[in-house]
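What follows is each chain in one-letter form.
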Amino acid sequence: MTKLILGIETSCDDTSVALVDQRGNVAAIETVSQYEIHSEFGGVYPELASRAHLEAILPVIKKVMTTAQVTPSDLRAIGVTRGPGLMGSLLVGLSTAQALGMAWDVPTYGVNHLRGHIRSVDLEEKRLSYPALVLLVSGGHTLLAFLQDQNSYELLGTTRDDSVGECYDKVARTLGLGMPGGPAIDRMAAAGTSRIKFPRPMIKSGYEFSFSGLKSSVARYVETHAEFDVNDVAAAFVDACLDVLSTKVLRAIENKQPATLAVVGGVAASPQVRARMQMITDEAGISLCLPPQKWATDNAAMIAMASWDYIEQGLETDLEPKPNLQLGEA
């Protein structure tokens, strides 16, 4: 039987487990969402997240192994997210993976969640050509990176405050749209007109991002306008985000001359983001690489996929949680 890696992802509020072979074929995956637990708080409540992971993780692992009819002897390794993420959530996944690795006599790798997102583009089929520019846009992260090849990661710029996905969620809360905020904002924006002038923070400044000021500007607008059109506010907000993201991407394409632009992370599921990036790559004459939407959000398959790189490159990792792990770290 083809060897598989058991991937475990518990960096935030979803418990995800998957089995993936070296070519990116997913033998089985199961993800348990905590949406109902956190919805009343308007965001993720860390202590409740770690408790929910504790309850879900062993049954989910058992279900995935049973679904794929796999035994520990079929595993090449276990790959588990060690950061970035919430400390309590990371600890649940790491301690579980370490215990199973010892019990099953299987090597265990602590994996960088950000590298997992980048490798998500090659799940089920190989899509990425090098050199590549990667835009990671999610609820926890916003960054631009340049990859000369599969083994190199050059961080060009990251956010100085809120991620774009976090900004989407907070604006959705301001507008009373609930969570998750991204899909709701996108729906409203599609029906609205972008006629409100919101700021484009740091749009002229290199590759660094900042979205906190934009979030605050939307909140001030809502507070000072008794009657406002939710669709128009959403449309203007999305346009501001897209202008910032696309300006940075265009700057990087001009300077780095990549063959491919990959857009990964949960916000990569946004129809508006996909359409804008398609327009940019068409004009630049390079390929656009997008993971299928089911692999855009946090999932264990991407962690397992990245684990194969760790094995191939002989990377030594530990199983200590690192909530602020950077892209350049293994």
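Before reading further, recall that the structure is shown in the block above.
Here's a quick rundown of the structure.

Criteria and thresholds
Residues numbered from 1 in each chain as written. Predicted model: local features only at pLDDT ≥ 70, side-chain atom pairs only at ≥ 80, totals over all residues. Heavy atoms only, no water. Helix = DSSP H or I, 4+ residues; strand = E, 2+ residues; numbered from the N terminus. Buried < 20%, exposed > 50% of the residue type's maximum accessible area, 1.4 Å probe, protein only. Polar contact = N/O pair within 3.5 Å; in protein donor to acceptor, adjacent residues only side chain to side chain. Contact = heavy atoms within 4.5 Å. Pairing = 2+ DSSP bridges. Axes fitted to C-alpha atoms, helices over the stretch in contact; angles between N-to-C directions. Phe/Tyr/Trp six-rings, centres within 6.5 Å; stacked < 30°, edge-to-face > 60°. Lys NZ or Arg CZ within 6 Å of the ring centre and 35° of its normal. Core = buried A, V, L, I, M, F, W, Y, C linked by side-chain atoms within 4.5 Å. Right-handed = clockwise from strand over helix to strand, strands pointing away.

## Re the side chain of Thr260
Along the chain, the position of Thr260 falls in strand 9 (residues 260-264). By relative accessible area, Thr260 is classed as buried at 2%. Within the structure, Thr260 has its side chain in polar contact with the backbone oxygen of Ser129 (distance 2.9 Å). Ignoring any residue separated from it by four or fewer positions in sequence, one finds Thr260 in contact with Leu128, Ser129, Pro131, Ala132, Leu133, Ile286, Ser287 and Cys289.

## Observations concerning the sheet that holds strand 8 (residues 154-158)
As summarised here, the arrangement of the five strands in space is 8-7-6-9-10, forming an open sheet in which the pairing is mixed. Bordering the open sheet on either side are strand 8 and strand 10 (287-289), each of which pairs with just one other strand. Averaged over all pairs of adjacent strands, the angle between their axes in this sheet comes to 20°, without regard to strand direction. Alignment of strand 6 (residues 132-137) against strand 9, held across five bridges, turns out to be parallel. Each residue of the ladder has a partner; that of Leu135, found in strand 9, is Val263. Those strands touched by helix 9 (residues 271-284) are strand 6, strand 9 and strand 10, and its axis lies near 155° from that of strand 10.

## Brief notes about the packing of aromatic side chains
Summed over the entire model, instances satisfying the criterion amount to three aromatic pairs. A centroid spacing of 5.1 Å and a plane angle of 65° characterise the contact between Tyr168 and Phe237, whose relative ring orientation is edge-to-face. Placement of the pair is Tyr168 in helix 5 (residues 164-174) and Phe237 in helix 8 (residues 230-256), with a sequence separation of 69 residues. Using a relative accessible area of 3% as the deciding quantity, one classes Tyr168 as buried. Just above the ring of Phe209 sits the side chain of Lys248; from NZ or CZ to the centre is 5.7 Å.

## So, the nonpolar core
Counting residues in hydrophobic clusters, the biggest one holds 48 residues, and the most contacted among them are Phe237 and Met277. Element by element, the count of residues in this core is highest for helix 8, at 14 residues. Discounting chain neighbours no more than four positions away, the residues touching Met277 are Leu135, Leu245, Ser246, Val249, Leu261, Val263 and Leu288.

## Quick look at the pairing of strand 4 (residues 75-83)
Within strand 4, eight of the nine residues are buried, leaving the element largely enclosed by the surrounding structure. Both strand 1 (residues 4-9) and strand 4 contribute to a ladder of five bridges, which runs parallel. Bridge pairing in strand 4 places Leu4 opposite Leu75. Across five bridges, the pairing between strand 4 and strand 5 (residues 108-112) is parallel. Across the sheet, the residue bridging to Gly83 is Asn112, located in strand 5. Crossover handedness for the path strand 4 to helix 3 (residues 87-104) to strand 5: right-handed.

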